[in-house]
Amino acid sequence: MKNLICNLLLFGTLFSFAQTRVGEMRFNDVDVFDNVELILNGAGTVEKLYAMALYLDFEVDGVEDGVRVAEKDVTMAITIKITSSMGDSELKEIIRNGLERATDGNSYLLENQIRDFLQLLPNQIRRFDIFNVLYLKGGVLKLYKNKELLGTINSKEFKKALFKIWLGENPVDDKLKEDLLASYEPNPILGRWKTYDKKTGVAINIVQLYIIKDKVYGSIQRMLRISERDAVCYECKGDDKNQNVEGLVIIKGLREKGDKYIDGKFTNIKDGKVLECQIWINEEEDKDILNVKIKGGGGVHQWKRIKSK
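Everything quoted here is computed from the prediction, not taken from an experiment.

Of the residues in the protein chain, 92% have a pLDDT of 70 or more, and the chain-wide mean is 89. Under a pLDDT of 50 for its full length, residues 1-16 has, in the predicted model, 43 contacts with residues more than four places off or in other chains.

Moving on: the sheet that holds strand 6 (residues 76-82). Spatial ordering of the open sheet is given by 3-4-5-6-9-10-11, a layout of seven strands whose pairing is antiparallel. Looking at strand neighbours, the two that pair on one side only are strand 3 (30-33) and strand 11 (148-154), the edges of this open sheet. Looking at each pair of strands side by side, their axes are set apart by 25° on average, direction ignored. Of the strand pairs in this sheet, strand 6 and strand 9 (residues 130-136) are connected by six bridges, and their pairing is antiparallel. Looking across to strand 9, one finds that A77 is bridged to L134.

Turning our eyes to something else, we now look at the packing of aromatic side chains. One pass over the structure, following the stated rule, counts three aromatic pairs. Note on Y210 and Y217: the rings are 6.3 Å apart at their centroids and 15° apart in plane angle, and the pair reads as stacked. Here the basic side chain of K159 rests over the ring of F163, its NZ or CZ set 5.0 Å away from the ring centre. Just above the ring of W280 sits the side chain of K260; from NZ or CZ to the centre is 4.3 Å.

This part covers the side chain of S155. Relative to the elements of secondary structure, S155 occurs in the loop between strand 11 and helix 4 (156-167). At 3.5 Å, the side chain of S155 and the backbone nitrogen of E157 are in polar contact. Here F158 takes part through its backbone nitrogen, which lies 3.0 Å from a polar atom of the side chain of S155. Beyond its immediate chain neighbours, meaning those up to four positions away, S155 contacts Q113 and G139.

This next bit is on the nonpolar core. Residues L54, V69, I95, F117, L162, F163 and W166 are the most contacted members of the largest nonpolar core, which totals 39 residues. The element that contributes the greatest number of residues to this core is helix 4, accounting for seven residues. Look past the residues within four positions of W166 in its chain and what remains in contact with it is Y50, M52, I78, I80, P171, V172, L176, K177 and L180. Ranked by size, the runner-up nonpolar core spans 26 residues in total, among them I189, L190, I211 and L248.

A few words now on empty space enclosed by the protein. Evaluated as defined, the whole model comprises two cavities of 30 Å³ or more. Volume-wise, the largest cavity comes out at about 130 Å³. Taken together, 13 residues form the lining of the largest cavity, with I80, L91, I95, F117 and W166 sitting closest to its centre. Residue contributions to the lining of the largest cavity peak at three residues, all from helix 2 (residues 88-102). For the lining of the largest cavity, the class distribution of residues is 13 nonpolar, no polar and no charged.

By volume, the largest pocket is sized at about 920 Å³. Contributing elements (two or more residues each) for the lining of the largest pocket: strand 12 (191-196), strand 13 (203-212), strand 14 (215-223), strand 15 (232-233), strand 18 (260-267), strand 20 (289-294) and strand 21 (300-305). Examining the composition of the lining of the largest pocket, we find that three residues originate from one element, strand 13, more than from any other. Tallied by class, residues from the lining of the largest pocket come to 18 nonpolar, nine polar and eight charged.

Scoring rules and cut-offs
Residues numbered from 1 in each chain as written. Predicted model: local features only at pLDDT ≥ 70, side-chain atom pairs only at ≥ 80, totals over all residues. Heavy atoms only, no water. pLDDT = per-residue confidence, 0-100. Contact = heavy atoms within 4.5 Å. Pairing = 2+ DSSP bridges. Helix = DSSP H or I, 4+ residues; strand = E, 2+ residues; numbered from the N terminus. Axes fitted to C-alpha atoms, helices over the stretch in contact; angles between N-to-C directions. Phe/Tyr/Trp six-rings, centres within 6.5 Å; stacked < 30°, edge-to-face > 60°. Lys NZ or Arg CZ within 6 Å of the ring centre and 35° of its normal. Polar contact = N/O pair within 3.5 Å; in protein donor to acceptor, adjacent residues only side chain to side chain. Core = buried A, V, L, I, M, F, W, Y, C linked by side-chain atoms within 4.5 Å. Buried < 20%, exposed > 50% of the residue type's maximum accessible area, 1.4 Å probe, protein only. 1 Å grid on protein atoms, 1.4 Å probe; cavity = no way out; pocket = protein on both sides within 12 Å on 5 of 7 lines; lining within 4 Å. Points joined across faces, edges and corners; volume = space filled by probe spheres on them. Nonpolar A, V, L, I, M, F, W, Y, C, P; charged D, E, K, R; others polar.

If you want it as structure tokens, here you go:
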């Protein structure tokens, strides 16, 4: 969990994040809520009603951490994807009942906040509607529908009770709670990698790997030699020609096969040549070393993972 996929916000407007499938729905493995980047912890479904995902930026140990998560005053979010149309009264009933369970029958103590929250819900809930509940450290809870802000509730206590609907000691669905609090393991290929000159051992740049439609791509996030940070790839071909080297997608279209990603293309920024490549990690040896084999590139290169602090 601590190995967050750093700086994906840079690519958020250009590329799709890797996704996890839950039933007929998919959830981004990393998502951005109101400019806040969070990582998927777990996701599950309530049959014929909705699928739900929990996004955090800290580690949990499992289902026993549900109350701790709900009561923690840190930024977090839940995403709810509706799987069947329903009236607002049906969703309100689910939340009302859930809050009564979450507070052991004492939801009346939060009646003002509950009414304010329920009034934010639309009159008609349609299949494939997406609701995001974002809690910001300090007591601000925001409700979105299909990326549109519906309103804000300012109450730490209401946030605790709301999240306990699904994470508390008496959740509305035990299986969903287990799924939400599962320990999520991101694809080890993803993240930032430092590349090196194989002959000299000098670091060259930082490459960010990400996935679009089940294929791996990689772009240069940073040139490490200061004099090269404004470099342009004059020798590149097609759409890459005369583009800034920083931000250039140099790995394209790798597909997974067994324990490797193969049939990709690598652009050499020095001469613009596009070469075949493949990548893999020997997790039993070192999961923080990425092996990169470029056809005609002098054997296997080893890139090192940049770990988040």
